[in-house]
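The residues making up each chain are set out below.
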Amino acid sequence: MRYQMPDLFRAFANLPTRCMLASLLLVVCLPAANAQQAVIWASTSAPEQPVYEQFTNIQLGFDVQRLIFAQLPGYQIQYRPQNSARAFQEMQREANVCTGTKLRTDERDNTALVSELPQVLLEGLRLMVRQHDPLFAEVESAVIVNLVSFIQRYPSAILGYVAGRSYGNTLDKQLQLLQEQGRVYQLSAERGSIGAIDMLAKGKVDIILDFPVLTEHYFSQQGEQMMLHALKLAGEPAYANGHIYCSNSAFGQQFMQHLDQAMRTVVAQRSYLDAHLAHISPERQPAFIDYYNHVYQTRF
């Protein structure tokens, strides 16, 4: 007659095996539960990486991006250096591509999802010319100009602008008209805005469109300050809002919900405002703070 272990003892005898199996399952499942979802970030460069020659883009977008993603532990950024036009093409082909600091346009809004709040606020676009350029001897910085009229006033002047970059609905249409008239030079998208500023500084083009904070950043890396006329453009706002765009996919819709929620939190933090103020001279900061409070409904 064979001895049969009582059920209670048999249960205890199998306990080490069961515990081992449970531990293995826990080890296997934990990484899956804690895995971060990848967000491919298409931008002209990665943080602190040169975009043109030795020059880096202004880091404001990356600085506030870190504050935003500190609120999004379930997501991990994977940088993919890319020009703006190709970034929007990739958003239509892939489910998890995003890009930041972009002006809103009708075309972009119809192509991808856009953040509820802007990621960055910048002093508005200006028409830039060299102060000591004989072509523009009579120009004064205080004047407000119409882009098309200004270019037509100077028949020998060439406007350089970046291929694939949008300057907003109105200016994009004006640039298209000037291009048809052969009055502009389209710069490589791979060089980005830094490449356009560099060509102006070296006299390879006579006029560019850009944001004052970007030109100041370029010249700070050069170690010199070229005197420029930064002319306000008729009909253009004093400040510009740069938004985040993402793929219009199931992933993109879920991520954008989380992103919008995170941004509503971080824009109310002093560190988010300070990231902007680090790139603005003290005398221009009070007006900027007023605009920041207006856009984000804060009280700094």
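The following refers to the structure shown. (Residues numbered from 1 in each chain as written. Predicted model: local features only at pLDDT ≥ 70, side-chain atom pairs only at ≥ 80, totals over all residues. Heavy atoms only, no water.)

### Looking at the packing of aromatic side chains
The condition is simple: Whether two aromatic rings pair depends on their centres lying within 6.5 Å, for rings of Phe, Tyr and Trp, where Trp uses its six-membered ring; planes under 30 degrees apart make the pair stacked, over 60 edge-to-face, and the rest tilted. Strands here are runs of E lasting at least two residues and helices are runs of H or I lasting at least four, both read from the DSSP assignment and numbered beginning at the N terminus. Relative accessibility under 20% of the residue-type maximum defines a buried residue, over 50% an exposed one, and the middle range a partly exposed one, all with a 1.4 Å probe and only protein chains included.
With the rule as written, the count across this model stands at 19 aromatic pairs. The interplanar angle of 85 degrees and the centroid separation of 5.7 Å between the aromatic rings of Phe-62 and Tyr-79 together place this pair among those described as edge-to-face. In this pair, Phe-62 is assigned in helix H3 (residues 60-69) and Tyr-79 in strand S4 (residues 75-81), connecting sequence segments 17 residues apart. A residue is classified by how much of its surface remains accessible, and Phe-62, at 8% relative accessible area, is buried. A ring pair is formed by Tyr-218 and Phe-219, whose centres lie 5.0 Å apart and whose planes are at 75 degrees; its orientation type is edge-to-face.

### Some remarks on unusual backbone geometry
The phi dihedral of Glu-48 falls on the positive side, at around 65 degrees, and the residue is not glycine. Within the element layout of this structure, Glu-48 appears in the loop between strand S1 (37-43) and strand S2 (50-52). Unlike most non-glycine residues, Gln-297 shows phi in positive territory, near 55 degrees. Checked against the element boundaries, Gln-297 lands in the segment after helix H12 (285-296).

### Some points on the sheet that holds strand S8 (residues 126-130)
Hydrogen bonds between backbone atoms are what pair the strands of a sheet, whose relative direction is either parallel or antiparallel. What counts is decided by this rule: We treat two strands as partners when DSSP finds at least two bridges between them. Contact criterion: two residues are considered in contact whenever any of their non-hydrogen atoms come within 4.5 Å of each other. Lines fitted to C-alpha atoms define the axes, with helix axes restricted to the stretch in contact, and inter-axis angles between N-to-C directions lie between 0 and 180 degrees.
A sheet is described by the order of its strands in space; here 6 strands give the open sequence S9-S13-S8-S12-S10-S11, paired in mixed fashion. Looking at strand neighbours, the two that pair on one side only are strand S9 (144-145) and strand S11 (184-187), the edges of this open sheet. As defined by bridge partners, S8 adjoins strand S12 (residues 207-210) across 4 bridges and the pair is classed as antiparallel. Across the sheet, residue Leu-127 finds its bridge partner in S12, namely Leu-209. Contacting strand S10 (159-162), S11, S12 and strand S13 (228-233), helix H7 (residues 169-180) runs over the sheet at an angle of about 125 degrees to S10.

### Some details on the side chain of Gln-82
Here is the rule: Nitrogen and oxygen atoms within 3.5 Å of one another constitute a polar contact, given that in protein one can donate a hydrogen and the other can accept it, and given that sequence-neighbouring residues count only through two side-chain atoms.
In this structure, Gln-82 sits in the loop between S4 and helix H4 (84-93). Residue Gln-82 is classed as buried on the basis of its relative accessible area, which comes to 12%. At 2.9 Å, the side chain of Gln-82 and the side chain of Glu-90 are in polar contact. If sequence neighbours within four positions are ignored, Gln-82 has contacts with Ala-42, Ser-43, Thr-44, Ala-87 and Glu-90.

### What about the state of the cysteines?
Two cysteines, two sulfur atoms, one covalent bond between them: this is a disulfide. Worth spelling out the cut-off: Two cysteine sulfur atoms make up a disulfide if the distance between them is within 2.5 Å.
Evaluated as defined, the whole model comprises 1 disulfide. Cys-98 shares a disulfide with Cys-246; S-S distance 2.0 Å. Here Cys-98 and Cys-246 share a disulfide; its torsion about the S-S bond, 110 degrees, makes the bridge right-handed. You can see Cys-98 sitting in strand S5 (residues 97-102) and its partner Cys-246 sitting in strand S14 (residues 239-246), a full 148 residues away along the chain.

### Some thoughts on the pairing of S14
A large share of S14 lies buried, amounting to 7 of its 8 residues. Where S5 lies against S14, 3 bridges are found, and the strand directions are antiparallel. Opposite Lys-102, over in S14, you have His-243 as the bridge partner. Both strand S6 (residues 113-114) and S14 contribute to a ladder of 2 bridges, which runs antiparallel. The residue of S14 that forms the bridge with Leu-113 is Cys-246. Bridge count for strand S7 (residues 120-123) against S14 is 4 bridges, and the pairing is antiparallel. When the sheet's bridge partners are listed, Leu-121 is paired in S14 with Asn-241.

### Things to note about the packing of H3 against helix H10 (residues 250-266)
Just so we agree on the cut-off: Any angle that is under 35 degrees is reported as roughly parallel, and any over 145 degrees as roughly antiparallel; angles of 65 to 115 degrees are reported as roughly perpendicular and all others as oblique. The classification used treats Ala, Val, Leu, Ile, Met, Phe, Trp, Tyr, Cys and Pro as nonpolar, Asp, Glu, Lys and Arg as charged, and all other residues, Gly among them, as polar.
In the contact formed by H3 and H10, the axes pass within 9 Å of each other and the chain directions differ by 105 degrees. With respect to H10, the element H3 is oriented roughly perpendicular. Contacts between H3 and H10 involve Leu-67, Ile-68 and Phe-69 from the former and Phe-255, Leu-259, Ala-262, Met-263 and Val-266 from the latter. Residues of the contact of H3 with H10, tallied by class, amount to 8 nonpolar, no polar and no charged.

### Topic: the nonpolar core
Put simply, the rule is: For this analysis, a nonpolar core means a set of buried residues of the types Ala, Val, Leu, Ile, Met, Phe, Trp, Tyr and Cys, connected via side-chain atoms within 4.5 Å.
One finds Ile-68, Leu-127, Leu-147, Phe-150, Ile-207, Phe-255 and Tyr-272 to be the most contacted residues of the largest nonpolar core, which totals 82 residues. When residues in this core are grouped by element, the largest group, 7 residues, is from H10. Once residues within four sequence positions are removed from consideration, Ile-207 is found in contact with Leu-127, Met-128, Val-129, Phe-136, Phe-150, Ile-151, Ala-157, Ile-158, Leu-159, Gly-160 and Leu-200. Judged by nonpolar contacts, the second largest core, of 9 residues, contains Ile-40, Met-91, Val-97 and Val-114.

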